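An overview of the molecular structure
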Amino acid sequence: MKTPVLKEIHVRLGARMGEFAGWELPIDYGSSIAEVRAVRNAVGVFDVSHMGRLTITGDGAADGLQSLLTNDISLLEDGGGQYTLMTNERGGVVDDLIVFRRLENEFHLVVNASNHEKDTAWLRNRLPDSVRIEDRTPDTALFAVQGQRAKDALEAAGLENLNLLRRFHIMDGSISGISVRVSRTGYTGEDGFEIECKKDDAEALWEIILSAGSQFGIKPCGLAARDVLRTEAALPLYGHEIDEDISPVEAGLMRWVKLSKGDFCGRAAIAAAAQFGVTRKIMGIKIEGRFVPRSGDAVKCTAGDGSVTSGTFSPTLGCGIAMAFMPADAKVGLGVNVNIHGAQRAGVIVELPFYSRKNKPLEGTQNVS
Amino acid sequence: MYPEDLKYSQSHEWVRAEDDLATIGITDFAAEELGDIVNIELPEVGTTLSAGQSFGSIDSVKAASELISPVSGEVVEVNEDLESTPELVNQEPFSSGWMIIVKMEDPSEVDLLMTSEEYEHFIEAEE
């Protein structure tokens, strides 16, 4: 099992460690609910050094990536990035990732830890020989600083020009003399940043962020909180809402598939699925009460049977929530039953996401309408 | 470090036996392993349990697990507070975080469980 460079520091902070994607990672630092609240109300920092980071350079890099990714990278300016999918010939999702354009033929990719090696091989086999793939992961660390006070925390840490860094953009910077690569991205549904540094600087940078963020209530956060936050924001997780046998049409990710950009791997299959329709789609379910749906739980409703792909208790909403594959003609507002611990628990299909910072529920207020 | 007046099961429940009544909860070790507890499903009063049988389930943010009855008998009381405040099990696992009281069919079943010292060794071996 791979261990993050900061393992000892996490353990000293009280982390419970656990296995994820072949890595031993912090699950929580005592209370995952307190960590979720810190990110929703202030700021939290995650060590996400396990995420795969690749630099793709050389003649043909842009055209090569354009032919393998579903979003349109020709829309990117230098320093711009986008969420995108890499799909196979059948239109299934090989991985979801973020691609940044650094220069005309230099791209920075952030991929799932579980797919890191598969993606590298997939790209190597399909990109021209003139294109180099460099794996930055072993030599760098990556921290996600997330929440409405993330910008304040990083400014207090001495990172300059954050006002110029727009959502889904990347820039080089420095914090107390440490060179960093910063993007305005995340996996929590909040404003936030992901900061890469050299492995040797990781410990110093982590301490600087925690100490600069303390006045804003920063908390170190683990994978359990990360999973709750991304589920509340309805962000897909590879192996749950997406995999090689799931189409972006079924996963509800067509916003990031540009069928009109020209041909790319999987385009014909996805276009056909979009045109002729699919039988199942990812939908959101809110459970009545504190029952906690889990991946694999069976769902029943008048439109047919479904299955939970991700489920958790939402501290932000105060109830159980799930993303689930449901019959495509099931509608928002339809009542469902989810089999939780062998009992049928009532729920209702709702619009996704469950949470977005634009219509944030105010802490401590009642809905009076 | 574990209360000496309690007995312990390998699935991390504790039992406080007084005559034929057994109060059952889970240990602080189990509660800490689970992390923040968000829902607990307990049986209704009157349910008959046998030792080794599931009497409910417990969900934390990160995982779900079964609750296993260390003794046989009838459920005579259920901790209703846990329905709205399951975090009591994280906060006070050995007192206000108790789960059920069982009227035991055979109080000698308690003798088969571990003492606090034995449980402590059991935990060390598991870690």
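Residues numbered from 1 in each chain as written. Chains lettered and ligands numbered in written order. Predicted model: local features only at pLDDT ≥ 70, side-chain atom pairs only at ≥ 80, totals over all residues.

1. Focus on the overall build of chain A
The secondary structure content of chain A amounts to nine helices and 19 strands. For 369 residues, the compact-globule estimate of 2.2 N^0.38 gives 21 Å, and the C-alpha radius of gyration of chain A, at 21 Å, lies within 12% of that figure. Summarising its shape, the C-alpha atoms of chain A cover approximately 60 × 50 × 40 Å along the three principal directions. A separation of at least 24 residues holds for 67% of the contacts in chain A among residues at least 6 apart in sequence. (Helix = DSSP H or I, 4+ residues; strand = E, 2+ residues; numbered from the N terminus. Rg over C-alpha atoms; globule rule 2.2 N^0.38 Å. Contact = placed C-beta atoms within 7 Å.)

2. Side note on the environment of Val-338 of chain A
Residues and elements named next belong to chain A. The residue Val-338 is located in strand β18 (residues 335-340) in this model. Val-338 sits in the buried class, given 28 other C-beta atoms within 10 Å. When neighbours within four sequence positions are excluded, Val-338 is seen to be in contact with Ile-285, Ile-287, Pro-293, Asp-297, Val-299, Val-308, Ala-322, Arg-345 and Gly-347. (Buried ≥ 20, exposed ≤ 12 C-beta atoms within 10 Å, placed from the backbone.)

3. Side note on the domain arrangement of chain A
Residue and element names in this part refer to chain A. Entries for chain A in the domain assignment read domain 1 (7-50 + 138-231) and domain 2 (279-361). Between domain 1 and domain 2, the C-alpha centre-to-centre distance is 29 Å. Only α2 (32-41) and α7 (223-232) provide two or more residues apiece to the side of domain 1 that touches domain 2. Each residue belonging to the side of domain 1 that touches domain 2 can be placed in one class, and the counts come to three nonpolar, two polar and four charged. (Domains from an automatic or database assignment. Nonpolar A, V, L, I, M, F, W, Y, C, P; charged D, E, K, R; others polar.)

4. A few points about the nonpolar core
It is characteristic of soluble globular proteins that their nonpolar side chains tend to be buried jointly. By size, the foremost hydrophobic cluster in this structure holds 130 residues, and its most contacted members are Phe-143, Val-145 and Ile-285 of chain A. Ignoring anything within four residues of it in the chain, the contact list for Phe-143 of chain A reads Val-45, Phe-46, Asp-47, Val-48, Ile-195, Leu-205, Trp-206 and Ile-209 of chain A. (Core = buried A, V, L, I, M, F, W, Y, C linked by C-beta atoms within 7 Å.)

5. Overview of the pairing of strand β15 (residues 298-301) of chain A
All names here are of chain A. Burial along β15 is one-sided: the residues Val-299 and Cys-301 are buried and none of Ala-298 and Lys-300 is. Sheet analysis places β15 next to strand β16 (residues 304-314), joined by four bridges and oriented antiparallel. Its bridge partner lying in β16, Val-299 is registered against Gly-306. Remark: two residues form the turn of the hairpin made by β15 and β16, two consecutive strands paired antiparallel. (Pairing = 2+ DSSP bridges.)

6. A few points about the sheet that holds strand β10 (residues 170-175) of chain A
Residues and elements named next belong to chain A. Taken in spatial order, the six strands make up an open sheet running β10-β11-β12-β9-β3-β13, and their pairing is mixed. On the outer flanks of this sheet lie β10 and β13 (219-221), each paired with one strand and no other. Neighbour-to-neighbour, the strand axes of this sheet turn through a mean angle of 30°, independent of strand direction. Sheet topology places strand β3 (residues 44-47) next to strand β9 (residues 140-146); four bridges connect them, and they run antiparallel. Looking at β9, one finds that Asp-47 is bridged to Phe-143. The sheet strands contacting α2 are β3, β9 and β13, and the helix crosses β13 at an angle near 115°. Those strands touched by helix α6 (residues 202-213) are β3, β9, β10, β11 (178-183), β12 (192-198) and β13, and its axis lies near 10° from that of β9. (Axes fitted to C-alpha atoms, helices over the stretch in contact; angles between N-to-C directions.)

7. Some remarks on the pairing of β11 of chain A
Residue and element names in this part refer to chain A. The pairing of β10 with β11 spans six bridges and is antiparallel. Residue pairing in the sheet places Ile-170 in a bridge with Ser-183 of β11. Where β10 folds back onto β11 in an antiparallel hairpin, the turn is made up of two residues, including Ser-176, whose phi is positive at roughly 50°. Bridge analysis of β11 against β12 gives four bridges, and the strand direction is antiparallel. If you follow Val-182 over to β12, its bridge partner there is Ile-195.

8. A word on unusual backbone geometry
All names here are of chain A. A cis geometry characterises the amide bond from Leu-352 onward to Pro-353, with omega recorded as -5°. With respect to the helices and strands, Pro-353 occurs in the segment after β19 (343-350). The residue Asn-161 is not glycine, and still its phi comes out positive at about 65°. Here Asn-161 falls in the exposed class, since 10 other C-beta atoms lie within 10 Å of it.

9. Some details on the interface of chain B and chain A
Contact residues are listed per partner, giving ten residues for chain B and 15 residues for chain A. Elements that contribute at least two residues to the side of chain B that touches chain A include exactly β4 (37-41) and β6 (54-60) of chain B. Considering only residue class, the side of chain B that touches chain A consists of three nonpolar, three polar and four charged.

10. Quick notes on the packing of α2 of chain A against α7 of chain A
All names here are of chain A. Closest axis-to-axis distance for the α2/α7 pair is 8 Å, and the angle between their directions is 55°. If you check the angle between α2 and α7, you find them oblique. As α2 runs across α7, the sense of the crossing is right-handed. Every residue of α7 that contacts α2 at Ser-32, Glu-35, Val-36 and Val-39 is listed here: Ala-224, Ala-225, Val-228 and Leu-229. Class assignment for the residues of the contact of α2 with α7 results in six nonpolar, one polar and one charged. (Parallel < 35°, antiparallel > 145°, perpendicular 65-115°, else oblique. Left-handed = near helix turned anticlockwise from the far one by under 90°.)

11. A closer look at the environment of Met-17 of chain A
All names here are of chain A. Within the element layout of this structure, Met-17 appears in strand β1 (residues 16-20). Along the backbone, Met-17 and Asp-28 are eleven residues apart, and their C-alpha atoms lie at a distance of 7.6 Å. For Met-17, the contacting residues outside a window of four places in its chain are His-10, Val-11, Glu-24, Leu-25, Pro-26 and Ile-27.

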